[in-house]
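# Fold and contact review
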Amino acid sequence: MQITANGIQIEVEDHGPRDGVPLVLIRGLGSQLIHWPAEFVQGLADAGFRVVVFDNRDVGLSQRCPKEGVPSQAEEITAQALAEGAVPAAYSLNDMAADTIGVMDALGIAQAHVFGMSMGGAIVQILCLDHAARLLSATIVMATARPFAERGGNAEWLATLLAHPVDREDFVANAIREYAFWGSPAYPMTDAELKAQAGLAYDRGFDPEGVNRQVLAVIASKDRRHALTKVSVPCQVIHGENDTLIPPEAGAEIAGLIPQCDHHLIEGMGHVITPKQAPMLVAMMQDFVARHAA
């Protein structure tokens, strides 16, 4: 369903009992709500959570958010980064955190547990810092607190993150290739599952310019390490030992900065959440909420 959140249109799905404890799931860069495994969402709903999933701005069925004077095409962004060393962003991760609060407002949710992966994990950190009163707990998955430049980011690396227009066949093939790089060896997805998921994502609304605006928001984000030492929200960090995109050390660093933060390093997990991981992650959420954030 479409709702107005933070002044823009956001595509939202609401699962599980309406009187359940709210749990909002926040996706990563360029991904859509359909990338959450159905087994994970349904498992959480069966555990009694009211599970809210949504397309971030600029992807899927949510509103596109260009800004005049800010490039969106990969070639233009790369050229400007190489020439000037910096590219402005159309919006910030703080704006995307405000989108999450807007989704909660639109659904009448005063407080919620939040669970974010990758870019969504960065957004969860910002929620802890800027909107703590709205959170029951925070789960930060496969994320980092460091800024792009601190992680060795440069114009050449930026070029590898940017999206380009492709047809459906190439989009699906690219998804399979990328999974081979950052997938979870202990919790694999089949090629058939990957093809079905990628095809659905393409059909729902693959928009490389929207993805690129998200990329610019990510690289414009600030260093959060010092601020995280002041977080009072109950938090847990989940990271895969086999994450080839954001190293496990980044998750360990976050867990070490946030007071009394739980830390789970998962053997055989990469930079993805697959259907086979669902039972483990549902159990972890149940245990965490029971112990720290009831």
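Structure shown above.
Residues numbered from 1 in each chain as written. Predicted model: local features only at pLDDT ≥ 70, side-chain atom pairs only at ≥ 80, totals over all residues. Heavy atoms only, no water.

Counting its regular elements, the protein chain contains eleven helices and eight strands. With respect to the principal axes defined by its C-alpha atoms, the protein chain has extents near 50 × 45 × 40 Å. Contacts in the protein chain between residues at least 24 apart in sequence constitute 79% of all its contacts with a sequence separation of at least 6. Surface accessibility of the protein chain: about 12,100 Å² in total, with carbon and sulfur atoms responsible for 53%. If the 20 positive side-chain charges of the protein chain are averaged to one point and the 35 negative ones to another, these points end up 4 Å apart. (Helix = DSSP H or I, 4+ residues; strand = E, 2+ residues; numbered from the N terminus. Contact = heavy atoms within 4.5 Å. Areas by Shrake-Rupley, 256 points an atom, 1.4 Å probe, with all protein chains shown as cover. Lys, Arg positive; Asp, Glu negative; His and termini not counted. Charge placed at Lys NZ, Arg CZ, Asp CG, Glu CD.)

Looking at where Arg-57 falls in the secondary structure, it is placed in the loop between β4 (49–54) and α2 (74–84). Not counting chain neighbours up to four residues away, the residues in contact with Arg-57 comprise Asn-6, Ile-8, Ile-10, Ser-62, Gln-63, Cys-65, Tyr-91, Asp-95, Met-96, Asp-99 and Gln-214.

Next up on the list: the nonpolar core. By size, the foremost hydrophobic cluster in this structure holds 56 residues, and its most contacted members are Leu-93 and Val-103. Leave out the neighbours within four places in its chain, and Val-103 touches Ile-3, Ala-5, Ile-10, Val-12, Val-52 and Phe-54. Formed by 37 residues, the second largest nonpolar core is a distinct cluster that contains Phe-115, Val-141, Ala-201 and Val-289. (Core = buried A, V, L, I, M, F, W, Y, C linked by side-chain atoms within 4.5 Å. Buried < 20%, exposed > 50% of the residue type's maximum accessible area, 1.4 Å probe, protein only.)

Right, let's talk about the pairing of strand β3 (residues 21–26) for a bit. For β3, a buried count of five out of six residues is recorded, marking the element as mostly surrounded by other parts of the structure. With respect to chirality, the unit in which β3 leads through helix α1 (residues 38–46) into the neighbouring parallel β4 is right-handed. Relative to strand β5 (residues 112–117), β3 is paired through four bridges, and the arrangement is parallel. Bridge pairing links Ile-26 to Gly-116 in β5. (Right-handed = clockwise from strand over helix to strand, strands pointing away. Pairing = 2+ DSSP bridges.)

Moving on, we get to the sheet that holds strand β7 (residues 235–240). The strand order β1-β2-β4-β3-β5-β6-β7-β8 describes an open sheet built from eight strands, whose pairing is mixed. In this open sheet, the two edge strands, each paired with only one partner strand, are β1 (2–5) and β8 (262–266). Direction aside, neighbouring strands of the sheet carry axes that sit 25° apart on average. Seen against the sheet, helix α3 (residues 93–106) touches β1, β2 (8–15), β3, β4 and β5 and runs at an angle of roughly 120° to β1. (Axes fitted to C-alpha atoms, helices over the stretch in contact; angles between N-to-C directions.)

Shape descriptors only; they carry no functional weight alone.
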